[in-house]
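Fold and contact review
Residue strings, one per chain:
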Amino acid sequence: MSKNGNPIIEVRNITKYFGSVIALNGVSMAVRSGEVMCLLGDNGAGKSTLIKTLAGVHQQSEGEYFVEGQEVHFDSPRDALDHGIATVYQDLAMIPLMSISRNFFLGSEPTKGSGLFKRFDVKFADRVAKAEMAKMGIDIRDPSQPVGTLSGGERQSVAIARAVYFGAKVLILDEPTAALGVKQAGTVLRYIAQARARNLGVIFITHNPHHAYAVGDKFTILKRGRTFGTFTKDELSREEMVRMMSGADELDALSHELQEFEHADKLHGEGKMSEVDHALAASLEEGESLLNSKKEQ
Amino acid sequence: MATTTVTQEGDERLVEASLLKRLLSRPELGAAAGAILVWLIFAIVAPTGFLSLRGTASYLEVSAQLGILAVAVSLLMIAGEFDLSIGSLVGFAGATTAILASQYGVPLYLGAIVALVLSLAVGFLNGYMVIKTKLPSFIITLGSLFIIRGLTIGTTRLITGRTQIGGLDDYAGYDFMRVIFASDIPIAGVGFSISIFWWLLLGGIATWVLLRTQIGNWIFGSGGAPQAARQVGVPVDKVKTGLFMTTAFAAWLLATIQVITVKSADTLRGEQQEFFAIIAVVIGGTLLTGGYGSAIGAVLGALIFGMVKQGLVFAGVDADWFYVFMGAMLVIAVLVNNYIRRRAEAARK
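Quick caveat: nothing in here was measured; it's all calculated off a predicted structure.

1. Quick word on the pairing of strand 3 (residues 190–193) of chain B
The pairing of strand 2 (residues 184–187) of chain B with strand 3 of chain B spans four bridges and is classified as antiparallel. Across the sheet, the residue bridging to Asp184 of chain B is Ser193 of chain B, located in strand 3 of chain B.

Structure (C-alpha cells):
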C-alpha cells in the first residue's frame with residue numbers, strides 16, 4: 001500500500017522539556033504519502049506531546065523537523081495547517097449544535113458577493129459538504145442538520161473530510177477511536193483507509209493495538225518519552241506490539257481475566273487472533289476505557 | 001439523518017418532511033408561538049385598546065426599546081457571553097450626551113458621538129477583561145454594572161449637582177437628533193415611533209449577519225465550542241470583543257433615543273434592562289450556554305415583553321403582575337429550550 005518516496009514529514013531526535021520534565025527524549029519518525037503511521041503508547045508515553053509538536057502547538061526543545069525535505073519551525077497550528085498538516089483532535093473536532101456544512105467550513109467559509117454584501121455561500125457549503133462526505137462513503141441527506149445528530153464516528157469523519165478538502169497532505173488523528181464503540185471505531189478506521197487511498201499521509205495515534213494493526217502500515221511505539229523505533233507490519237506481531245507498549249508485568253496481572261473475554265472474538269471478527277490476543281485486546285480495551293474516564297485532556 | 005448505507009429512494013418525499021422538520025428545529029419557533037398566543041389573549045381580553053392602531057403603536061414602542069438591546073445581547077449570548085452592564089451603559093451614555101450639551105455647550109449630535117465612543121470603549125474593556133482574566137463574563141460585567149452606574153451618578157452629581165438633566169430641546173442640534181432618534185412615522189394617521197424601525201432594522205441586520213455571513217458562523221462557533229473554533233482558525237477573542245462592543249452600541253442607541261424622546265437624561269435610566277434583555281433573548285430560543293440561538297427570536301421575545309407590559313395596562317390589570325408573568329415566561333422558555341437542545345444534540349443511536 002505505502003508508496004516509496006521521500007517522507008512528507010520527518011522529525012529527527014526531537015526532545016521536548018516542560019521545565020524539568022523530559023516529555024520527549026530523542027524521538028525520530030517519518031511519514032510518507034499513502035501511508036498510515038501508527039503512533040502507539042500508553043498514557044504518558046509522549047504521544048500527545050509529539051503530535052502537538054508536529055501540529056505546531058508546541059515547539060521542540062531540540063531536534064529537527066522537516067516538511068517535504070525542508071526544515072521548518074512552526075509558531076502556531078495555523079503554520080502547520082498552511083504546510084498541509086491537519087490535526088483532528090478527539091473531542092474538539094465538531095460543534096454539535098451547528099450544522100454539518102457550517103462545521104465543515106468553520107474558519108474557512110466560502111463567500112460570494114463583495115464589500116458590504118459579501119456573504120456566506122450556504123448553497124455552496126451544503127453542496128460541497130454533502131459531496132465530500134459522499135466521497136468518504138457517508139450519505140448525508142441534509143447537510144444543514146446539526147452535527148449532534150451524527151454518531152461519534154461520523155463526526156470524526158466530517159473532521160477528516162474537512163481536513164482532506166482543505167488540502168491536507170498529512171492528517172494527524174489524535175485517538176479518533178478512543179471514545180467510540182467497536183462498530184463506530186470500525187467506521188473511523190475505514191475513513192483512515194480512505195484517506196490513505198487518496199494518497200495522504202496519516203499519523204494515527206491510538207493506544208489500542210487492534211485498531212492500529214487493522215489499518216497501520218508502520219508502527220512507532222513510544223514509551224516514557226522514548227521510541228522503540230519504527231516497525232513495519234512484517235517486523236512486528238501484535239503480541240510484541242502490546243508487550244512493548246505496556247510491559248510484561250502488567251500483562252501478567254491481567255492474565256486472570258483471560259476467560260472472561262471470549263466474546264472479544266465476535267466483536268472484532270478477526271479470525272486470526274490467538275487466545276492470548278483476545279485476552280490482551282479485551283483487557284486493554286477495558287483498561288483503556290477506565291483510563292479514558294479518568295483522563296483529563 | 002446520515003447513513004453509511006446509501007439509499008436514494010424517497011428523496012422527493014424527504015424535501016417536504018425536512019422543511020417541516022427544519023421549521024420545528026428553528027430556535028425562535030417557541031417565541032413565535034408565544035407571541036401569537038400573547039397577542040390572542042390580549043386581543044380577547046382587551047380588544048378595544050390592544051387592537052387599535054394607537055395601542056399597537058404603543059406596545060411596539062415598548063418592545064422596540066427593549067428589542068434594540070435584546071438583538072445585540074442575543075448575538076453576544078450565542079457567542080457564549082453575558083453583558084450585564086448594558087443597563088448602566090444606557091444611563092451612562094445618556095448622561096454623557098446631556099452633560100456635554102448642558103454644561104459645555106457641545107451640540108447634541110457631537111455629544112452623542114462622544115458618548116458612542118466612550119460606550120464602545122467600555123464594551124471593548126468588558127471584552128478585554130473577560131478574555132484576559134478568563135473569568136466568566138457574568139462576573140466581569142456584573143462588576144461593570146455597578147462601576148458604570150456609580151460613576152455615572154457620582155460624576156453627574158459632581159458636575160451638575162443633580163442626577164437628572166432636563167430641557168435638552170433647548171440645546172444646539174436637538175431638532176436634527178429628533179428626526180433620527182425620536183420622530184414619529186405616521187401610518188394610517190397614527191404615529192409609530194422611529195425606534196420601532198431601529199429595532200426591526202437591527203433585528204434584520206443581526207439575522208443576516210448570523211445566518212448569511214462568515215462572522216455569523218464564527219459567532220456560533222465561538223459560543224458552541226471555543227476551543228474547536230480556535231483550532232480551525234476562528235478569531236474567537238476578536239469575535240467576542242466585537243460583540244461586547246455591539247451590545248455597548250445598542251445601549252448607546254437606546255440611550256440616545258430615550259434622551260432625545262423625553263428631552264432629559266436620568267442617571268438611573270436603563271436599570272434592570274440588562275435582565276429584561278436576557279429574558280427576551282432566552283424566550284427567543286437562545287441557549288444560556290451559547291452556540292445556539294436567533295436574533296429573530298430576540299425580536300419576538302421583546303415583542304412579547306412589550307405586548308404583555310402594555311396589554312396588562314389595556315386590560316386594567318395592576319402592573320405588579322407583569323413581573324410574575326415575565327419570570328414565569330423565562331422559566332418556561334428555558335425548559336422548552338432545553339428540550340429542543342436535547343433533541344438537536346441527541347445522537348442517532
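The structure having been displayed, the exposition proceeds.
2. What about the sheet that holds strand 4 (residues 62–67) of chain A?
Residue and element names in this part refer to chain A. The sheet built from four strands is open, its strands ordered 2-1-4-5 with antiparallel pairing. Lying at the two open borders of the sheet, with one neighbouring strand each, are strand 2 (21–31) and strand 5 (70–71). Relative to strand 2, helix 1 (residues 47–54) is tilted by about 60°, and along the sheet it contacts strand 1 (9–18), strand 2 and strand 4.

3. Things to note about the sheet that holds strand 9 (residues 170–174) of chain A
Residues and elements named next belong to chain A. A sheet is described by the order of its strands in space; here six strands give the open sequence 6-9-10-3-11-12, paired in mixed fashion. The open sheet has two edge strands with one neighbour each: strand 6 (85–88) and strand 12 (226–232). Strand-to-strand, the axes of this sheet are offset by a mean angle of 15°, without reference to chain direction. Sitting on the sheet, helix 6 (residues 182–197) touches strand 3 (35–40), strand 9 and strand 10 (201–206), and the angle it makes with strand 10 is about 155°.

4. Focus on empty space enclosed by the protein
Residues and elements named next belong to chain B. Taken as a whole, this structure holds one cavity of 30 Å³ or more when the rule is applied. Space inside the largest cavity adds up to approximately 30 Å³. Considering the residues around the largest cavity, the lining is formed by Arg26, Glu28, Thr207, Leu210, Leu211, Ser294, Ala295 and Ile296. Looking at the lining of the largest cavity, the elements with two or more residues in it are helix 9 (194–212) and helix 14 (295–314). At three residues, the largest contribution of residues to the lining of the largest cavity is made by helix 9. Considering only residue class, the lining of the largest cavity consists of four nonpolar, two polar and two charged.

5. Overview of the packing of aromatic side chains
In this structure the tally under the stated criterion is 23 aromatic pairs over all chains. Relative to Tyr323 of chain B, the ring of Phe322 of chain B has its centre 5.9 Å away and its plane inclined at 75°; by these criteria the two rings are edge-to-face. Taking relative accessible area as the criterion, Phe322 of chain B reaches 4% and is therefore assigned buried. Cluster of aromatic residues (ring-pair linked, three or more members): Phe104, Phe105, Phe124, Tyr165 and Phe166 of chain A.

6. Thoughts on the pairing of strand 3 of chain A
Residue and element names in this part refer to chain A. For strand 3, the buried fraction is high: six of the six residues fall into the buried class. Both strand 3 and strand 10 contribute to a ladder of six bridges, which runs parallel. Counterpart to Glu35 in the pairing with strand 10 is Gly201. Pairing of strand 3 with strand 11 (residues 218–223), which is carried by four bridges, proceeds in the parallel orientation. Paired with Met37 across the bridge in strand 11 is Lys218.

7. Comments concerning the pattern of salt bridges
Residue and element names in this part refer to chain B. Under the criterion given, the structure shown has 10 salt bridges over all chains. Ionic pairing is found between Asp237 and Arg230, a salt bridge with its closest N-O pair at 3.1 Å. On the accessibility criterion, Asp237 (33% relative accessible area) is partly exposed. Looking at Arg230, the relative accessible area reads 37%, which means it is partly exposed.

8. Looking at the side chain of Ser99 of chain A
Residues and elements named next belong to chain A. Along the chain, Ser99 turns up in the loop between strand 6 and helix 3 (100–105). Taking relative accessible area as the criterion, Ser99 reaches 10% and is therefore assigned buried. Reaching out from Ser99, the side chain makes a polar contact with the backbone nitrogen of Arg102 at a distance of 3.1 Å.

9. Structural notes on the nonpolar core
Residues Leu106 of chain A together with Leu69, Trp199, Trp252, Ile260, Ile283 and Leu303 of chain B are the most contacted members of the largest nonpolar core, which totals 102 residues. Residue contributions to this core peak at 15 residues, all from helix 4 (residues 53–78) of chain B. If we skip the residues at most four places from it in the chain, Ile283 of chain B touches Ala31, Gly301, Ile304, Met326, Met329 and Ala333 of chain B. Ranked by size, the runner-up nonpolar core spans 47 residues in total, among them Cys38, Val128, Met133 and Val202 of chain A.

10. Section: the confidence of the model for chain A
Reading predicted coordinates in detail is not appropriate for stretches of low pLDDT. With 80% of its residues at a pLDDT of 70 or more, chain A shows a mean pLDDT of 79. Averaged pLDDT values for the elements of chain A fall to 54 in helix 10 (residues 264–268) of chain A and rise to 91 in helix 3 of chain A.

11. Examining a nonpolar patch on the surface
On the surface, Ile36, Leu37, Trp39, Leu40, Ile41, Ile44, Val45 and Leu51 of chain B cluster together into a nonpolar patch covering about 770 Å² of accessible area. Structurally, Ile36 of chain B can be placed in helix 2 (residues 29–45).

12. Structural notes on the packing of helix 13 (residues 273–283) of chain B against helix 14 of chain B
Residue and element names in this part refer to chain B. Relative to each other, helix 13 and helix 14 sit at 120°, their axes nearing to 7 Å. Comparing their axes, helix 14 and helix 13 come out oblique. In this structure, the crossing between helix 13 and helix 14 has a hand that is right-handed. For the pair formed by helix 13 and helix 14, the contact residues are Phe276, Ala280, Val281 and Ile283 on the first element and Gly297, Ala298, Gly301, Ala302, Ile304 and Phe305 on the second.

13. Focus: helix 5 (residues 86–104) of chain B
Residue and element names in this part refer to chain B. Here helix 5 is 19 residues long and its end C-alpha atoms lie 26 Å apart, about the 27 Å a rise of 1.5 Å per residue gives. When you tally the buried positions in helix 5, you get 17 out of 19 residues, the bulk of the element. After helix 5 finishes, the residue Gly105 shows a positive phi value of roughly 65°.

Analysis parameters
- Residues numbered from 1 in each chain as written.
- Chains lettered and ligands numbered in written order.
- Predicted model: local features only at pLDDT ≥ 70, side-chain atom pairs only at ≥ 80, totals over all residues.
- Heavy atoms only, no water.
- Pairing = 2+ DSSP bridges.
- Helix = DSSP H or I, 4+ residues; strand = E, 2+ residues; numbered from the N terminus.
- Contact = heavy atoms within 4.5 Å.
- Axes fitted to C-alpha atoms, helices over the stretch in contact; angles between N-to-C directions.
- 1 Å grid on protein atoms, 1.4 Å probe; cavity = no way out; pocket = protein on both sides within 12 Å on 5 of 7 lines; lining within 4 Å.
- Points joined across faces, edges and corners; volume = space filled by probe spheres on them.
- Nonpolar A, V, L, I, M, F, W, Y, C, P; charged D, E, K, R; others polar.
- Phe/Tyr/Trp six-rings, centres within 6.5 Å; stacked < 30°, edge-to-face > 60°.
- Buried < 20%, exposed > 50% of the residue type's maximum accessible area, 1.4 Å probe, protein only.
- Salt bridge = Lys/Arg side-chain N within 4 Å of Asp/Glu carboxyl O.
- Polar contact = N/O pair within 3.5 Å; in protein donor to acceptor, adjacent residues only side chain to side chain.
- Core = buried A, V, L, I, M, F, W, Y, C linked by side-chain atoms within 4.5 Å.
- pLDDT = per-residue confidence, 0-100.
- Patch = residues over 30% accessible without salt bridge, like charges linked within 9 Å, V, L, I, M, F, W, Y side chains within 5 Å.
- Areas by Shrake-Rupley, 256 points an atom, 1.4 Å probe, with all protein chains shown as cover.
- Parallel < 35°, antiparallel > 145°, perpendicular 65-115°, else oblique.
- Left-handed = near helix turned anticlockwise from the far one by under 90°.
- Expected span 1.5 Å × (residues − 1).

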